[in-house]
Structures are given as structure tokens and as C-alpha cells.
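# Breakdown of the fold
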Amino acid sequence: MSKEVVILGIETSCDETAVAIVKDGKKILSNVVSSQIESHKRFGGVVPEIASRHHVEQITYVLEEAMEQAAISWREIDGIAVTEGPGLVGALLVGVNAAKALAFSKHKPLIGVHHIAGHIYANRLQEEFKFPLLALIVSGGHTELVIMKAHGEYEVIGETRDDAAGEAYDKVARLLHLPYPGGPEIDKLAKQGEETIAFPRAWLEPDSYDFSFSGLKSSVTNTIHNAKQRGESLKPEDIAASFQASVIDVLTTKTVRAAKEYHVKQVIVAGGVAANKGLRSSLQQEFANLQIPLQIPPLSLCTDNAAMIAAAGTIAFEQGRRSGLDLNARASMLLK
Amino acid sequence: MNILAMDTSNQVLGVAIQQDDTILGEIVTNLPKNHSVRLMPAIDKLMQEVNMKPEQLDKIVVAKGPGSYTGVRIGLATAKTMAWALNIPVIGVSSLEVLAYQGRFFNGIICPFFDARRGLAFAGCYRFENNQLQILRKEENVAMQDLLEELKSLERSILFLSPDISIHQEQIISIVGNRAVIPEEPVHVIRPAHVIATAKEKQAGSTHTLRPNYLRLAEAEAKWLESNKGC
Ligand SMILES: [Zn+2]
């Protein structure tokens, strides 16, 4: 085989400024993430302009730390991978322009990477893929089911028609007056409660792998409102548990059905909501019964990071995909 | 000494390369097009044109705003990362200062501004003395009306420089009257070579800490501060 491929990845699509260096798409040499969660907490969500301001202040610090931790010379780096979309356009622009400046200054190839491809490839940092594979991507911005028959080939078989799962979590957390980000808070609360309320499950058409969470969110709002009008008080723990049960039921059922239909050899879960303990245990149980290997990355690789971008960029690099210096940031972008 | 200059802080996209005291080349466009797509190709093209490699650069200068928040960040992300990667200094200069510099032969007050919508402008006041720009009124985000009333009370002629001059020309003349001097179109367009000239006496600070000159808080932050007064 030819020499090892070393890729530097940059990710700035939301509120993390991240740079990582990865060898052969599998071995992390460094993975630096500068999170802005504290800056956005008081606004109850990510403010795009503030996120973009942070990125431009952080980017060279994070680059420097990633280079130092990897203890590597520029000569050994084969390419620069960067998230080109989807995401917050102002935030993406900082990473994209930094990547272009690096590629130009250091005479390295530039590789634009789809953010979701990154989330999927986070799993390859743990274990080699077995095709065909099914990926469930659940985060604040995405809920998708993707089939991969080979490296770098993505077929989206299902996606959300309205809110992303993580978005629904954040909205329900707000209804329950839980701090931002709401996902982990609901997960925690749900464990102390019971499914006492039968919230709806949006199955959509029988053969559909799409998702919809806005109806569920409305149902939670109405339930709380009606109880209040009747002067009753519902236990927040039970609301959390009931809401979470609905989300997990839909996610698990559709993932299992897709895994069977496509005869996949591996199922991987990616995105911030992959850290949800309830979702993890539900999927683990189902796929253990089916004897299909299930892979969920550790928390640090579930949430946004640049190692995943470098990992996905490695495959694109090996397949000869290159971006020009006119690479732009794209707020929305198809995975293909 | 090879210096690369870039400006994407407003509609104009400008790139210049200076060697010692000679401007080797400039690319300037004044088009409502995407800076992110065009900045790096413009730098690449000009570097090829003057036959220079990135490693031969000794310094980078960049217009750090005010202007379009996104435009300013495209320039700074590019300039900072290039400077860091090449291990050379980077200097950020105020876009208003560069514009003021373009009025350096004017004997009076120089008032550069950029339109900031809803009757507001990013503006400052300068004068050119002893071969140097002196700041007379600090740069800020100000109501054009207030600024003009203030300038009217000064018994001096005032040079107005702005790529957005047409938006405010009527108001300027109606308030400041014949003491307002408004030059022809090309003087209002920032030339990247002047970004280099404006940076000449300035020392580079740390690349990491170079920040845009927004002159305005992010809207969410301003609102938050407004509703959390006193805590
Ligand atoms: Zn993500």
C-alpha cells in the first residue's frame, strides 16, 4: 500500500470551533474542540452572529493547538478537509476561508466535506465499516437514515419533514424550564419518571422512513396547558419520560425496519442525540436481539468535532475528490 | 519586504501586493458578489501575476471593518490563517481609516462612513496633519442625522467619503450645506494599496487576538443587555 494519509480537518458549522488531525481516517493524532456553549446559554440557544464572532477569534488558537498536540510537521499533512455545509452560513464561512488560506499557504489539496458524512465517519475512528451499513443521524439539526453500500456513497432513505429530534428536545426542555442545551436534561429527568402520558407517535406512511416531531412537540405543549387549566400539575419527570418514550420508539422502530429491509451488516448512530442514554439502550437491546452489530461513538465523537471531518475527508481525498479555492459555505446541502 | 493586502469589509473586494515601496499589483472589483467565493482565487491570481509564492510574503495587512460582519470575517479568517500558517505578522486596519487616508490631500475635516441601515452609519472623523491621520471623532455606529448636525456646528469644510455616498448625499447637503465637499466616484472606493499605506506606521500584535472592528454588538447581545440592565 501507499503511504499513510494524514488529513487536517476543520469544523465550524455551528457553535464549536474545531480542528483535528487524523491518520488514515482511523487514528486521531489530535482533536481540539473549543465550545461556545457558555456564550449561548443566556440566549437559550445558538445565536448565529455570536457563533460566527467566536469562530473568527478562536480559529488560529485551535489550529495551533491541534498542530502542537499532533506533534507533526506540515510536510506530513496531505490535505485540508473542511465542513462546507450544511450549517449556519456565517459560522461555516470562517472555517471554509481558514481552510482555503491554509491550503493555499501550505500548497495542500482542499476537500469540502458534508457535515453529516463527518458524523457518520466519526464511527470509523473506532472501527472499520462493514457494508452495506445503515446510519441513524440524530442531532439538533438533523434526523436522517442513510444507507451506505461503499465508502463515500450515501443514500438518504429518510429524513425529518419538520423539526429535528434534537430540536424537539430543546423545545420541550424549554417548556419544562430546563436549562439549555435541553437534550441531556430531559434524558436525566426521564430516568426518574414514568411513561404516564400516551404522546402520539408520528409513523407517517407505512413504508416511509421519514420523521416528524412537530406534532409531538405540540401535543406536549397542549398537555401541559390543559393540565394547568384544570388546575392539575403533571410531574415534569413523567412528561420527560413520556416524551422521550415517543421519540425513542419512532427512532428505534424505523431504524430496525430499515436495517432489516436493506440487510445491513452494521448499524451506526451519529450526532449529538446519539449521546442520549435512553436511545442508546433501546437501540442496543433491539440490535442485540437481531444480532446486527450496532456502533455508537463515545460522547466526544457524537457531538460536533473536526476528527470526524478529517475522517470523512480522508475517504474523499483517497477517492480523488478535490475542492477549488472558490469553495463556498453552503447553509443547506444534499448528502450524496 | 513583500506585503499582501486584502479588503472584503464592504462591497469592494480588493487585493494588493507591495514589494518594498512599489505596488506590484492590485485587483479591485466593486460588485455585489460573494467575497467568500472570490477572495482566495483573487489572491492566487495576483500572486501568480506578480510571480510570488506564499512563502515569499513578509507581512499581511487586512481591512478589519467596520462594514459587513460576514465580509469582515471572511477577510480576517483568511488573513489571520495565512499569517499563522506562514508565520508572518498580520496587521488589521480600520476600513474607515483607509477611506480617510484616501482624502489625505484635503485641508479640513475628513468624514468617512459606511451606511449601516435605518438612518445609521459607521463613521469617524479624521484630519491629515504632519503626514499622519489624526482621529478627531471616535469611530462609532451613529445616527447620520446626529453626526451631520454635530459637524454643521464646526466652522470647517468637511470631506465626505463613502461607497454609500449616494444614499446620504441629499441629507449631507441639506444639513451641512456648502461646507460639504463630495468628490467624484473613484475616491469613494477603497483601494487595497491604501490598506498597506494606512498600516505603514502600525505594529503587528498577536495574530490570535486580531479581531474585527464591528463597532456594534451582535443584536441578540444588545437586546439581552437591554433587558438585563442592573444585574
Ligand atoms: Zn453536527
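Residues numbered from 1 in each chain as written. Chains lettered and ligands numbered in written order. Predicted model: local features only at pLDDT ≥ 70, side-chain atom pairs only at ≥ 80, totals over all residues. Heavy atoms only, no water.

### Quick word on the overall build of chain B
- The secondary structure content of chain B amounts to seven helices and ten strands.
- Taken against the 2.2 N^0.38 rule, which gives 17 Å for 231 residues, the C-alpha radius of gyration of chain B at 18 Å falls within 12% of a compact globule.
- The dimensions of chain B, computed from C-alpha atoms along their principal axes, are 50 × 50 × 35 Å.
- In chain B, buried positions account for 54% of the 231 residues.
- Sequence-distant contacts, at least 24 apart, represent 66% of the contacts inside chain B between residues at least 6 apart.
- Here chain B displays about 10600 Å² of accessible surface, and carbon together with sulfur accounts for 47% of that area. (Helix = DSSP H or I, 4+ residues; strand = E, 2+ residues; numbered from the N terminus. Rg over C-alpha atoms; globule rule 2.2 N^0.38 Å. Buried < 20%, exposed > 50% of the residue type's maximum accessible area, 1.4 Å probe, protein only. Contact = heavy atoms within 4.5 Å. Areas by Shrake-Rupley, 256 points an atom, 1.4 Å probe, with all protein chains shown as cover.)

### Regarding the overall build of chain A
- The secondary structure content of chain A amounts to eleven helices and ten strands.
- The C-alpha atoms of chain A give 20 Å as radius of gyration, which agrees with the globular expectation for 336 residues (20 Å, within 12%).
- In terms of its C-alpha atoms, chain A occupies a principal-axis envelope of roughly 70 × 45 × 30 Å.
- In chain A, which comprises 336 residues, the proportion classed as buried is 57%.
- Taking all contacts inside chain A whose residues are at least 6 apart in sequence as the whole, residues at least 24 apart take part in 74%.
- Total accessible area on chain A is roughly 13300 Å²; 50% of this is exposed by carbon and sulfur atoms.

### A closer look at the sheet that holds strand 9 (residues 266-270) of chain A
Residue and element names in this part refer to chain A.
- Read across the open sheet, the five strands follow the order 8-7-6-9-10; overall the sheet is mixed. Edge positions in the sheet fall to strand 8 (155-159) and strand 10 (294-295), since each has one partner strand and no second.
- Two elements, strand 6 (residues 133-138) and strand 9, share five bridges in a ladder whose sense is parallel. Bridge pairing in strand 9 places Leu133 opposite Gln266.
- Relative to the sheet, helix 8 (residues 236-261) contacts strand 6, strand 7 (143-148), strand 8 and strand 9, its axis offset from that of strand 6 by approximately 160 degrees. (Pairing = 2+ DSSP bridges. Axes fitted to C-alpha atoms, helices over the stretch in contact; angles between N-to-C directions.)

### What about the nonpolar core?
- Grouped together as the largest cluster of nonpolar side chains are 64 residues, with contacts concentrated most on Leu8(A), Ile10(A), Ile80(A), Ile43(B) and Met82(B).
- In terms of residue count, the dominant contributor to this core is helix 2 (residues 69-86) of chain B (eleven residues).
- When residues no more than four places from it in sequence are discounted, the contact partners of Ile43(B) are Phe104(A), Leu4(B), Met6(B), Val15(B), Thr78(B) and Met82(B).
- With 45 residues, the next largest nonpolar core counts Ile239(A), Ile248(A), Val264(A) and Ile292(A) among its residues. (Core = buried A, V, L, I, M, F, W, Y, C linked by side-chain atoms within 4.5 Å.)

### Structural notes on the UniProt feature "coiled-coil region" (unreviewed entry) in chain B
- Those places that UniProt annotates as "coiled-coil region" (unreviewed entry) correspond, in this numbering, to residues 130-157 of chain B.
- Between the C-alpha atoms that bound residues 130-157 of chain B the distance is 19 Å, and the span itself is 32% helix and 43% strand. (UniProt positions renumbered as here; feature names shortened; annotations may be inferred.)

### Thoughts on the UniProt feature "domain: Gcp-like" (unreviewed entry) in chain A
- Per the UniProt record, "domain: Gcp-like" (unreviewed entry) is annotated on residues 27-310 of chain A.
- Between the end C-alpha atoms of residues 27-310 of chain A the distance is 10 Å, and the span holds 49% helix and 16% strand.

### Quick notes on the coordination of the zinc ion
Residues and elements named next belong to chain A.
- The coordination sphere of the zinc ion contains the protein donors His115 (NE2), His119 (NE2) and Asp304 (OD), at a distance range of 2.0 to 2.1 Å.
- Expressed as a motif, the donor residue spacing for the zinc ion is H-x3-H-x184-D. With His119 in helix 4 (residues 115-121) and Asp304 in the loop between helix 10 (299-302) and helix 11 (307-318), this pair connects stretches of sequence that are 185 residues apart. Residues His119 and Asp304 agree in their burial class; the two are buried. (Donors = N, O, S within 2.8 Å, 3.2 Å for Na, K, Ca; no water.)

### Considerations on the UniProt feature "binding site: substrate" (unreviewed entry) in chain A
Residue and element names in this part refer to chain A.
- Under the local residue numbering, the UniProt record ascribes the feature "binding site: substrate" (unreviewed entry) to Ile137, Val138, Ser139, Gly140, Gly141, Asp170, Gly183, Asp187 and Asn276.
- As for its position among the elements, Val138 is in strand 6.
- Non-local contacts of Val138, meaning those with residues more than four positions away in its chain, are made with Thr143, Ala165, Leu251, Val269, Ala270, Gly271, Gly272, Val273, Ala274 and Leu279.
- Tracing the backbone shows Ser139 in the loop between strand 6 and strand 7.

### Regarding the sheet that holds strand 1 (residues 2-7) of chain B
All names here are of chain B.
- Taken in spatial order, the five strands of this open sheet run 3-2-1-4-5, and their pairing is mixed. Edge positions in the sheet fall to strand 3 (22-30) and strand 5 (90-93), since each of these pairs with one other strand and no more. Recorded for the sheet is a direction-independent mean angle of 15 degrees between the axes of neighbouring strands.
- Of the strand pairs in this sheet, strand 1 and strand 2 (residues 12-19) are connected by six bridges, and their pairing is antiparallel. Counterpart to Met6 in the pairing with strand 2 is Val15.
- Running at roughly 170 degrees to strand 4 (residues 59-63), helix 2 makes contact with strand 1, strand 4 and strand 5 of the sheet.

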